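Structure assessment
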Amino acid sequence: MKSYTQKIKSSKVEGIIDEIIDQYAYADNTQRPWIIGFSGGKDSTVLLTLVWIALQRIKSLPNPFQLRRPVYVVCNDTMVENPIISAYVEKVLAKIEIEARNQDLPIFVKKTTPKLDESYWVNVLGKGYPVPNNTFRWCTDKLKIRPTSSFLHEQIDEKGEAIVLLGTRYEESSTRERSMKKHERKGERLSKHATDVNTYVFAPIKELMLEEIWYIINVVESPWGFDNNILFQIYSDASADDYECPTVVTNKEHKSCGQSRFGCWTCTVVKEDKSMSALVDKGQSWMAPLVEYRNKLVEERNNPEFRKDTRRNGASAIDDEGNSRGSYKESYRAMLLKRLLKTQKEVQKDHPEVVLINNQELIAIQVTWNRDGYFDKHVGEIYREVYNKDFMTNNIKSLGQTERRIMQEVCDDRPEYYHLIDNLLEIQESKTLLISKYGLHNDVEKQIERFVMRE
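Residues numbered from 1 in each chain as written. Predicted model: local features only at pLDDT ≥ 70, side-chain atom pairs only at ≥ 80, totals over all residues. Heavy atoms only, no water.

1. Let's talk about the sheet that holds strand β5 (residues 191-192)
Sheet strands pair via backbone hydrogen bonds, and the direction of the pair is either parallel or antiparallel. One open sheet holds the 6 strands; their spatial order is β3-β2-β1-β4-β6-β5, and the pairing between them is mixed. Across the chains shown, the open sheet's two edge strands, defined by having one partner strand only, are β3 (107-112) and β5. Note: strand β1 (residues 34-37) against strand β2 (residues 71-76), 4 bridges, orientation parallel. The residue bridging isoleucine 36 from the neighbouring strand is valine 73, located in β2. Contacts between helix α2 (residues 42-59) and the sheet are confined to β1, β2, β3 and β4 (162-165), with β1 contributing the most and set at about 150° to the helix. (Pairing = 2+ DSSP bridges. Helix = DSSP H or I, 4+ residues; strand = E, 2+ residues; numbered from the N terminus. Contact = heavy atoms within 4.5 Å. Axes fitted to C-alpha atoms, helices over the stretch in contact; angles between N-to-C directions.)

2. A word on the packing of aromatic side chains
According to the stated counting rule, one finds 19 aromatic pairs in the structure shown. On the basis of an interplanar angle of 40° and a centroid distance of 5.8 Å, the ring pair of tyrosine 72 and phenylalanine 108 is categorised as tilted. Remark: phenylalanine 108 occurs in strand β3 and tyrosine 72 occurs in strand β2; sequence separation between them is 36 residues. Exposure remark for tyrosine 72: the relative accessible area of 18% places this residue in the buried category. Residue class for phenylalanine 108 comes out partly exposed when judged on its relative accessible area of 34%. Taking the centre distance of 5.7 Å and the plane angle of 25° together, the rings of tyrosine 120 and tryptophan 138 count as stacked. Of this pair, tyrosine 120 sits in helix α4 (residues 120-126) while tryptophan 138 sits in helix α5 (residues 138-159), and the two are 18 residues apart along the sequence. (Phe/Tyr/Trp six-rings, centres within 6.5 Å; stacked < 30°, edge-to-face > 60°. Buried < 20%, exposed > 50% of the residue type's maximum accessible area, 1.4 Å probe, protein only.)

3. Notes on the confidence of the model for the protein
Here the protein averages 82 in pLDDT, while 75% of its residues score no lower than 70. Counted against residues more than four places away or in other chains, residues 241-259, with its pLDDT under 50, gives 43 contacts. (pLDDT = per-residue confidence, 0-100.)

4. Side note on the packing of α2 against helix α7 (residues 210-219)
Between α2 and α7, whose axes approach to 10 Å, the crossing angle comes to 60°. Relative to α7, the element α2 lies oblique. In the crossing of α2 with α7, the sense of the turn from one axis to the other is left-handed. Here Lys42, Asp43, Val46 and Leu50 of α2 come into contact with α7, specifically with Leu210, Ile213, Trp214, Ile216 and Ile217. Counted by class, the contact of α2 with α7 contains 7 nonpolar, no polar and 2 charged residues. (Parallel < 35°, antiparallel > 145°, perpendicular 65-115°, else oblique. Left-handed = near helix turned anticlockwise from the far one by under 90°. Nonpolar A, V, L, I, M, F, W, Y, C, P; charged D, E, K, R; others polar.)

5. Describing the pairing of β2
Of all 6 residues in β2, 6 are buried, a share of seventy percent or more. Note that β2 and β3 share 6 bridges and pair parallel. Counterpart to valine 74 in the pairing with β3 is lysine 110.

6. Examining unusual backbone geometry
The backbone phi angle of methionine 79 is positive, close to 75°, even though this residue is not glycine. Relative to the elements of secondary structure, methionine 79 occurs in the loop between β2 and α3 (83-102). The phi torsion at asparagine 388 lies on the positive side, around 60°, for a residue other than glycine. Considering the arrangement of structural elements, one finds asparagine 388 in the loop between α13 (379-387) and α14 (401-410). The class for asparagine 388 is exposed, based on a relative accessible area of 68%.

Right, dumping it as structure tokens:
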């Protein structure tokens, strides 16, 4: 027999499902697509679970003609996600995609990633962006908002409007509650999106408490057939102490596991990544090199020895005490890249499937260095030092050995001219590796000016 507490929770869950059914099938007679932001965490898992159950019930109606609105499960991959969460989400998304087809439901998985020239490593190691902090939090926009907004705008262009379903809850923070209520309209389920026109927001689980979230995960069977115990265990392992993971419900099988947050393994906005450290302490020792690398990023961020006295746009970046606060120096970027590749090599001893930086990003970093006029270090050379092998770089350094020998002979009495021509060729070759050729002419001129100034 269910306890009184369980009956209240079950009633609340049924109320949310009924609300979703009404909004999907009856209250809105348009075909505006629903877009669910899915991270694989507890809140987005509960949101998708309740929406899925609602669609199943609509399908079971005598005339399920209302089941026509597409529901997109959109997962944003920043490319620097916590590897454990990333692997878990990949498996969940694959299962969602298969089961949606098996159950003949209009649920579609969409994965978004940042553009190559806006990825974390291209920004930090290529362009020299200082790693994010609370006053310069460039990562959220480039890695999360822009990729997802791009997909959202595609849907708006096609359908005219779209509805975004969020797993946000009032209880998360007073700031979150104020932000949510600011855009709500009294008596209406949908609120206007804060930034995107023709976009509405629906937050069905906004009034759920943390205990209720864990109740649903523990009690309601995953409609796409995944084992929710895996998610619970991840949260349990990532809790920094026992106080974050109490059992707060009467039935010992229905556990609560705090609200540990997962994000990018490189996150430097927080002073300490407690979830990563907790995972290492609880047996995931292979992740220790990631924690060490991330902590070094925090430790060295404000060291003026590693920073230029100008920003990338040329503006002065010297503080009142005379310290340089601009972009990272090229030599430091090269050092960070070598350290990252060593970290990746160490991690891959036990987990060869983990890729911290991919070949496309390595190529884009080299292209950026070329166009910035930095030729003292080459990505391929750094990679070879770490892995003792080459990685595919398409046509970087594509000039043949014969042509290179002839050019050296012609410039025998002025070897500096050989290096200038070689550098200019690298800059020119870069245009084939990036979609945009914008600024290539200026890059060539700047390199010639640097050469003349040295002369």
